[in-house]
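Summary of the model geometry
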Amino acid sequence: FHITVKIFIQFTMQKVKRGDFMAQKGKIFVRVTLSKAQIPIIGAHVNYVKSNGVKNILLNTQLTDENGKTGEIEFDTPNEENSQNDINPDDRFFTCDIIVTHPSYYTTYIKNVQIFANQTTVQEVNVLPIEEDSDPAGIYETIDITSQDL
């Protein structure tokens with residue numbers, strides 16, 4: 001336990017020295033629907049992950065409700081004034097990936113979802129039903145969100 005605290009303090013100090021301390025919060029929720037029909041998908045697993053370059057780290061996991069929505073969650077984000085920073089785009093917002101799974105639908109993997117300070121991001125996910133007599137293993141849709149230009 002003592003070692004963990006020491007590592008956390010060192011990590012925090014490194015973040016402050018680099019000038020990108022994350023002091024504000026941004027919110028996000030996900031809405032999962034059947035592709036283009038806007039029919040809510042109940043009980044979809046929504047996983048928020050962040051890659052550290054070697055593996056994905058699970059940040060949060062939720063299930064969708066009867067409206068196909070997750071609850072809102074908060075993440076630490078770069079300060080709001082950095083959102084207009086065109087020098088270093090990585091300092092404008094927090095990013096994570098979202099993986100949506102459900103036994104009746106193909107997995108959807110959304111990369112680089114952007115969460116801004118003091119804002120609520122609504123991530124719409126349209127899933128596709130698994131066809132009869134098909135093996136869904138390893139089949140999924142990947143969506144990569146590119147950084148916004150200023």
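Check the entry above for the structure.
Residues numbered from 1 in each chain as written. Predicted model: local features only at pLDDT ≥ 70, side-chain atom pairs only at ≥ 80, totals over all residues. Heavy atoms only, no water.

**Description of unusual backbone geometry**
- Here the phi dihedral of Asn112 falls at roughly 65°; this positive angle occurs in a residue that is not glycine.
- Along the chain, Asn112 turns up in strand E6 (residues 105–115).
- You can call Asn112 partly exposed: its relative accessible area is 29%.
- One non-glycine residue, Asn118, lies in positive phi territory at about 60°.
- We classify Asn118 as partly exposed; its relative accessible area is 46%. (Helix = DSSP H or I, 4+ residues; strand = E, 2+ residues; numbered from the N terminus. Buried < 20%, exposed > 50% of the residue type's maximum accessible area, 1.4 Å probe, protein only.)

**Description of the pattern of salt bridges**
- As enumerated under the stated definition, the model contains 3 salt bridges in all.
- The residue Lys25 makes a salt bridge to Asp76 at a minimum N-O spacing of 2.6 Å. On the criterion of sequence distance, the pair formed by Lys25 in strand E1 (residues 24–34) and Asp76 in strand E4 (residues 73–77) is long-range, its members being 51 residues apart.
- On the accessibility criterion, Lys25 (40% relative accessible area) is partly exposed.
- Residue class for Asp76 comes out partly exposed when judged on its relative accessible area of 36%.
- A salt bridge links Glu72 to Lys27, with the nearest nitrogen and oxygen atoms 3.8 Å apart. Remark: Lys27 occurs in strand E1 and Glu72 occurs in the loop between strand E3 (56–63) and E4; sequence separation between them is 45 residues.
- Using a relative accessible area of 31% as the deciding quantity, one classes Lys27 as partly exposed. (Salt bridge = Lys/Arg side-chain N within 4 Å of Asp/Glu carboxyl O.)

**Here's the deal with the sheet that holds E4**
- Spatial strand order, E4-E1-E7: 3 strands in an open sheet with mixed pairing. In this open sheet, the two strands that pair with only one neighbour each are E4 and strand E7 (120–127). Across the sheet, the axes of successive neighbouring strands diverge by a mean angle of 35°, strand direction being ignored.
- Alignment of E1 against E7, held across 8 bridges, turns out to be parallel. For Leu34, the partnering residue across the bridge sits in E7 and is Val127. (Pairing = 2+ DSSP bridges. Axes fitted to C-alpha atoms, helices over the stretch in contact; angles between N-to-C directions.)

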